[in-house]
Amino acid sequence: MIKKENNQTIWNIRIKKKTSLLYKKIGNSIDVDKRLYQEDIQGSIAHVEMLFKQKIISFKIKNKIIYGLNKIKKEILNQKFKFDRKYEDIHMSIENRLFQIIGEEAGYVHTARSRNDQVITDFKIWMKSATNEINKELDKIIKRTLKIAEKNIETIMPGFTHLKNAQAISFAHYLMAYVEIFNRDKKRFSNNLENLNENPLGVAALSGTSFNIDRNYTSKKLGFKTPTNNSIDTVSDRDFVLDFLYSSSVCSMHISRISEELIIWSSDGFNIINLSDKIVTGSSIMPQKKNPDLLEYLRGKSGLMYGNLFSMLTILKGLPLSYFKDLQDDKEIIFKSFDTLINCLKIFEEVLINFSPNKKKMLELANHGFITATDLADYLVKNHSMSFRKAYQKTAEIVNFAEKRKKRLDELSIQELQKIEPKLSNDVLKIFNLKNSINSKKSYGGTAFDNIKKMIVKYKNKL
Ligand code: ARG
């Protein structure tokens, strides 16, 4: 067996000259991938247990290696482990330390594996728990949103298209739209688990191994469903990285859209929601200011998330199979996206806790912009057997009339209405009531109060 001296790279027999100092400084990834130490140790323990079961290494060596690995884990946990950049990455650092602790028998740990399968095994294990962590945060947001919705079923506001008042809606209906959005994000992240559940360990450098390994055994030990099917694809594949970055980008885009909406709503022009002092900051010159900085932070972060997705797509573009050093950057990108998204989700929850609807202003705004016009058109169709297009034109005439007289639709008298449509009778007036308007939208998915109540119950039972 080759003796491995301390302070020497494992390839010093083959590669005689020392690596360029500059490259040594920048080519290592330990500062980033040390975050995978737990997964790396977990993977190595499963690997040596399998090697022993398959009679590839002895009982004694297996135990020695596991003892050493557990010791290393403790050292890292207690911050006693010295991460040295000269060992390149977390895999080499742990292997090197294993030699220091148990001596030459550490040399058996890398039997029938390569860093190429080791790194993606670690990474996939990490990403599975990261996915679950994100989904837990999304659950918290959904729960919080449901609570606010429950309290606001009868809070009336204008729904917007083109940011212009469109039709009356319940504020809770708006909030339940957010619930749909975050529920889809959860599904998107969960869908990624299928690919993440294929175990790369054992494909070695790229072609598999001549040792009689049992990949089903390590799959089970490490919580994967099955081993991957093709060794070349396995070490080349970073689709699971893209999936995670895409899902994270979409989720942060959602947070960005909602943040922008809340910024508009809290602006002096709209003023239909209040942000508590906990989620605003001041100005260095204007003493009166309360700015929605947290929401702006959330709106902006999607830029970083898209950037990360595009970085990875670009790294992979044109990269032949199988492993290349180019791939090493995947971890930095993912960790950045994950940390950013988790922060955004937590901040967004803070926002939900610290904002409230300005119900009076919402109602006031809903009384502007003739938002019951569609209700009137529908009424004409149902009660005066007009085609919808005809009713639409009649209603437009009535809106023009009201606008000219500077009146709201509900301020028009029946006589005024009859000037334009003589068939109209008194009972048309109830059409202009906002509550009636909302409750008439009973179609599945519509804003009627009863619909919202049922949907809230449905989601509450789901969580
Ligand atoms: N630190 C490396 C990475 O993250 C591990 C794999 C190294 N494999 C190699 N053949 N150089 O990609």
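Residues numbered from 1 in each chain as written. Predicted model: local features only at pLDDT ≥ 70, side-chain atom pairs only at ≥ 80, totals over all residues. Heavy atoms only, no water.

**Observations concerning the overall build of the protein chain**
- Assigned secondary structure in the protein chain consists of 19 helices and six strands.
- In terms of overall dimensions, the protein chain is more spread out than a globule: its C-alpha atoms have a radius of gyration of 31 Å, far above the 23 Å expected for 463 residues.
- For the protein chain, the C-alpha atoms occupy an extent of roughly 105 × 55 × 40 Å along the three principal directions.
- Looking at the protein chain residue by residue over its 463 residues, the buried ones come to 50%.
- Across the protein chain, the fraction of contacts at a sequence separation of at least 24, relative to all contacts at a separation of at least 6, is 76%. (Helix = DSSP H or I, 4+ residues; strand = E, 2+ residues; numbered from the N terminus. Rg over C-alpha atoms; globule rule 2.2 N^0.38 Å. Buried < 20%, exposed > 50% of the residue type's maximum accessible area, 1.4 Å probe, protein only. Contact = heavy atoms within 4.5 Å.)

**What about the site of the ligand?**
- Around the ligand, the structure places Ser29, Asp89, His91, Arg115, Asn116, Val119, Tyr323, Gln328 and Lys331.
- A distance of 2.4 Å separates an oxygen atom of the ligand from a polar side-chain atom of Tyr323.
- The contact in question runs from an oxygen atom of the ligand to an N or O atom on the side chain of Lys331, over 2.7 Å.
- In isolation the ligand offers 340 Å² of accessible surface; the protein chains occlude 85% of this area.
- Top contributing element to the shell around the ligand by residue count: helix H6 (residues 115-151), with three residues. (Near = heavy atom within 4 Å. Polar contact = N/O pair within 3.5 Å; in protein donor to acceptor, adjacent residues only side chain to side chain. Areas by Shrake-Rupley, 256 points an atom, 1.4 Å probe, with all protein chains shown as cover.)

**Examining the packing of helix H7 (residues 171-191) against helix H11 (residues 239-266)**
- Close contact between H7 and H11 brings their axes to 9 Å; oriented N to C, the two are set at 165°. It follows from the interaxial angle that H7 and H11 lie roughly antiparallel. Note that H7 runs across H11; the crossing there is left-handed. Along its contact with H7, which presents Phe171, Tyr174, Tyr178, Ile181, Phe182, Asp185, Arg188 and Phe189, the element H11 presents Phe244, Tyr246, Ser247, Ser248, Val250, Cys251, His254, Ile255, Ile258, Glu261, Leu262 and Trp265. (Axes fitted to C-alpha atoms, helices over the stretch in contact; angles between N-to-C directions. Parallel < 35°, antiparallel > 145°, perpendicular 65-115°, else oblique. Left-handed = near helix turned anticlockwise from the far one by under 90°.)

**A word on the environment of Ile272**
- Turning to its location among the elements, Ile272 is positioned in the loop between H11 and strand S5 (273-275).
- A relative accessible area of 0% places Ile272 in the buried class.
- Sequence separation between Ile272 and Leu363 is 91 residues; the distance between their C-alpha atoms is 9.0 Å.
- Every residue in contact with Ile272, bar those within four places of it in the chain, is listed here: Met157, Phe160, Trp265, Pro357, Asn358, Lys361, Met362 and Leu365.

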